[in-house]
Amino acid sequence: MNYNIYNKNKGIYVVLGNFDGLHIGHMSLIDEAVKLSIENNCYCMLYSFKNHPLKLINKDIAPKLLMTNTNKVKTLQKKSVDIIKLVNFDETLMKTSPEDFILNLISEYNIEGIIVGFNYRFGYKNMGTIDLLEKLSTKYNFMLKVMPPCKVNNQIVSSTKIRNLISSGNLEEANIMLNRKYSLEGIVVQGRQIGRQIDFPTANLKYDKDFVIPAIGVYYTNVEYNEKLYRAITSVGNNPTVSGNKLTIETYILDFSGNLYDKHITLFFIKKIRDEKKFDSLDALKAQLKKDKNFAKSQPFNI
Ligand SMILES: Cc1cc2nc3c(=O)[nH]c(=O)nc-3n(C[C@H](O)[C@H](O)[C@H](O)COP(=O)(O)O)c2cc1C
Ligand SMILES: Nc1ncnc2c1ncn2[C@@H]1O[C@H](COP(=O)(O)OP(=O)(O)OP(=O)(O)O)[C@@H](O)[C@H]1O
């Protein structure tokens, strides 16, 4: 991770972009960079930002995120990316012109090649285009590879598209574009303890509001706790039956008993089962939960 420990005489193939979610489009760039670096006895580097640029530029329209930096780094390490550089997107960086952005990069690192996607934009006000990057590659003598759009069902995969799919409850399609199951993680906190009265104790997730929350509804999920995986059903909702007044993410874990308060869990969202409903009684809710549980039992582990 630390460039200082690398051999500065060895060249670097670098991928540039935001990379929120590391979806299959992002991965096509990363796979290409890994391949080129191996073929040319160079390093492979991902150069990106710690914080989403829009958080600084206009925080009102900054998107909710798909992935933590910790998980991003873990995934990239598994992919054999040698150098992962996540820089702070600050005022100075924001005001850097497209040419200076590239100049800074090639003066700091021994860049052999740059790999970007077909729609990559860079520098102040996103003024840098692929056309400009091509000119700069000749001027400053680096190789440039522009990857074609990666599509699913004829739709171009993007972080924005995936965020919209998740927040509208289409986890199955989002998961195809991510090539993994969308997950949220956090600590389990106390709820109102109504669940246990109807034999469905639930783990209430203390979720981080910076990340994309799936649409209100009930989901088949898998839960990772203590390095073990369980089938589960998760409600994302306001719990109208018990007059809830805030959005909670509550999970009933099959084949599990024990105290989860203050414990860390990861929820993998696999598919939406149904919409949230206001039931006339707790018994009616319980009857529905039994059905949801039976559905989960019939599903394979899926992460
Ligand atoms: C899989 C699952 C599905 C649920 N579906 C609904 C629902 O459709 N309508 C509703 O009002 N509450 C629903 N709930 C929420 C329950 O009302 C809630 O879990 C229960 O009140 C327990 O809350 P507590 O953890 O605060 O004790 C669901 C909970 C789970 C785990
Ligand atoms: N579907 C795709 N196919 C090929 N390259 C892609 C694809 N999506 C993004 N890229 C490339 O990956 C890099 C990172 O892009 P970026 O993080 O902006 O992705 P994005 O998914 O398009 O995000 P957003 O939806 O926020 O615009 C860029 O070089 C971009 O061109």
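Residues numbered from 1 in each chain as written. Chains lettered and ligands numbered in written order. Predicted model: local features only at pLDDT ≥ 70, side-chain atom pairs only at ≥ 80, totals over all residues. Heavy atoms only, no water.

As a further point, take the domain arrangement of the chain. Annotation of the chain at the domain level lists domain 1 (10-156) and domain 2 (182-297). One C-alpha centre belongs to domain 1, the other to domain 2, and the line joining them spans 37 Å. Across the contact, 7 residues belong to domain 1 and 6 residues belong to domain 2. Three residues, Lys64, Leu65 and Leu66, lead the burial of domain 1 against domain 2; their summed loss comes to 65% of the area buried on that side. At the junction of domain 1 with domain 2, the criterion picks out 1 salt bridge. Among the salt bridges present, the one from Asp210 reaches Lys55, with a minimum N-O distance of 3.7 Å. At the junction of domain 1 with domain 2, the criterion picks out 4 residue pairs in polar contact (both at pLDDT 80 or more). (Domains from an automatic or database assignment. Contact = heavy atoms within 4.5 Å. Buried area = accessible area lost by both parts, 1.4 Å probe. Salt bridge = Lys/Arg side-chain N within 4 Å of Asp/Glu carboxyl O. Polar contact = N/O pair within 3.5 Å; in protein donor to acceptor, adjacent residues only side chain to side chain.)

As a further point, take the packing of helix H5 (residues 98-108) against helix H6 (residues 130-139). Close contact between H5 and H6 brings their axes to 11 Å; oriented N to C, the two are set at 40°. One element, H5, and the other, H6, form an angle in the oblique class. As for the relative orientation of H5 and H6, their crossing is right-handed in sense. In this structure, H5 contributes Pro98, Glu99 and Ile102 to the contact, and H6 contributes Leu132, Leu133, Leu136 and Lys139. Here the contact of H5 with H6 is built from residues that sort into 5 nonpolar, no polar and 2 charged. (Axes fitted to C-alpha atoms, helices over the stretch in contact; angles between N-to-C directions. Helix = DSSP H or I, 4+ residues; strand = E, 2+ residues; numbered from the N terminus. Parallel < 35°, antiparallel > 145°, perpendicular 65-115°, else oblique. Left-handed = near helix turned anticlockwise from the far one by under 90°. Nonpolar A, V, L, I, M, F, W, Y, C, P; charged D, E, K, R; others polar.)

Within the structure shown, the criterion is met by 10 aromatic pairs. Their ring planes at 75° and their centres at 5.1 Å tell us that Phe49 and Phe89 sit as a pair that is edge-to-face. Within this pair, whereas Phe49 is found in strand E2 (residues 43-49), its partner Phe89 is found in the loop between strand E3 (83-87) and helix H4 (91-94), the two being separated by 40 residues in sequence. Using a relative accessible area of 10% as the deciding quantity, one classes Phe89 as buried. (Phe/Tyr/Trp six-rings, centres within 6.5 Å; stacked < 30°, edge-to-face > 60°. Buried < 20%, exposed > 50% of the residue type's maximum accessible area, 1.4 Å probe, protein only.)

Neighbouring ligand 2 are 22 residues; Phe19, His23, Asn119, Ser159 and Thr160 lie closest to it. Within the backbone of Asn18, one N or O atom sits 3.2 Å away from an oxygen atom of ligand 2. A distance of 2.8 Å separates a nitrogen atom of ligand 2 from a polar backbone atom of Cys150. The protein chains hide 88% of the 600 Å² of surface that ligand 2 would expose on its own. Looking at the shell around ligand 2, the elements with two or more residues in it are helix H1 (24-39), strand E4 (111-117) and helix H7 (159-167). (Near = heavy atom within 4 Å. Areas by Shrake-Rupley, 256 points an atom, 1.4 Å probe, with all protein chains shown as cover.)

Moving on to the UniProt feature "domain: Riboflavin kinase" (unreviewed entry) in the chain. Those residues carrying the UniProt feature "domain: Riboflavin kinase" (unreviewed entry) are residues 177-299 in this numbering. Taken end to end, residues 177-299 is 15% helix and 39% strand, and its two terminal C-alpha atoms sit 21 Å from one another. (UniProt positions renumbered as here; feature names shortened; annotations may be inferred.)

Turning next to H7. Looking at H7, one finds that the buried residues are Ser159, Ile162, Arg163, Leu165 and Ile166. Looking straight down H7, one finds its buried side chains confined to an arc of 165°; they lie on one side. Just downstream of H7, Gly169 is the residue with a positive phi angle, here 90°. (Arc of directions from axis to C-beta.)

A few words on the state of the cysteines. For the coordinates displayed, the defined rule picks out 0 disulfides. Of all cysteine sulfurs in the structure, the one in Cys44 sits closest to Cys42, which takes part in no disulfide; the separation is 10 Å. Classification of Cys42 as buried rests on a relative accessible area of 10%. Among the cysteines around Cys150, which has no disulfide bond, Cys44 carries the closest sulfur, lying 17 Å off. (Disulfide = S-S within 2.5 Å.)

The topology assignment puts Tyr140 in the loop between H6 and strand E5 (143-147). Relative accessible area serves as the criterion here: at 24%, Tyr140 is assigned to the partly exposed category. Counting along the chain gives 25 residues from Tyr140 to Ile115, while the straight-line C-alpha distance between them is 15 Å. Setting aside its immediate chain neighbours within four residues, Tyr140 contacts Glu99, Leu103 and Ile106. At 2.5 Å, the side chain of Tyr140 forms a polar contact with the side chain of Glu99.

Ranked by size, the top nonpolar core spans 32 residues in total, and within it Ile162, Ile166, Tyr182, Leu184, Ile249, Ile265 and Phe269 carry the most contacts. At the level of elements, H7, helix H8 (171-178), strand E8 (182-189), strand E9 (203-206), strand E10 (217-225), strand E11 (228-237), strand E12 (248-253) and strand E13 (264-274) are the ones that each hand at least two residues to this core. Per element, the largest residue contribution to this core is 4 residues, and it comes from H8. If we ignore the near neighbours within four places in the chain, the residues touching Phe269 are Leu171, Asn175, Lys181, Tyr182, Leu184, Pro214, Tyr219, Tyr220, Thr221, Thr234 and Val236. If you look at the next biggest cluster of nonpolar residues, it comprises 27 residues, including Ile12, Ile83, Val87 and Ile130. (Core = buried A, V, L, I, M, F, W, Y, C linked by side-chain atoms within 4.5 Å.)

Here the focus is the site of ligand 1. Neighbouring ligand 1 are 21 residues, the closest being Arg192, Ile194, Thr241, Glu250 and Lys277. Contact distances for ligand 1 include 2.5 Å between an oxygen atom and a backbone N or O atom of Ile194. For ligand 1, an oxygen atom lies 2.8 Å from a polar atom in the side chain of Arg274. Within the complex, the protein chains bury 97% of what would otherwise be the 620 Å² of accessible surface of ligand 1. Counting only elements with at least two residues in the shell around ligand 1, the list comes to E11 and helix H9 (282-297). Its residues assigned to classes, the shell around ligand 1 shows 8 nonpolar, 8 polar and 5 charged.

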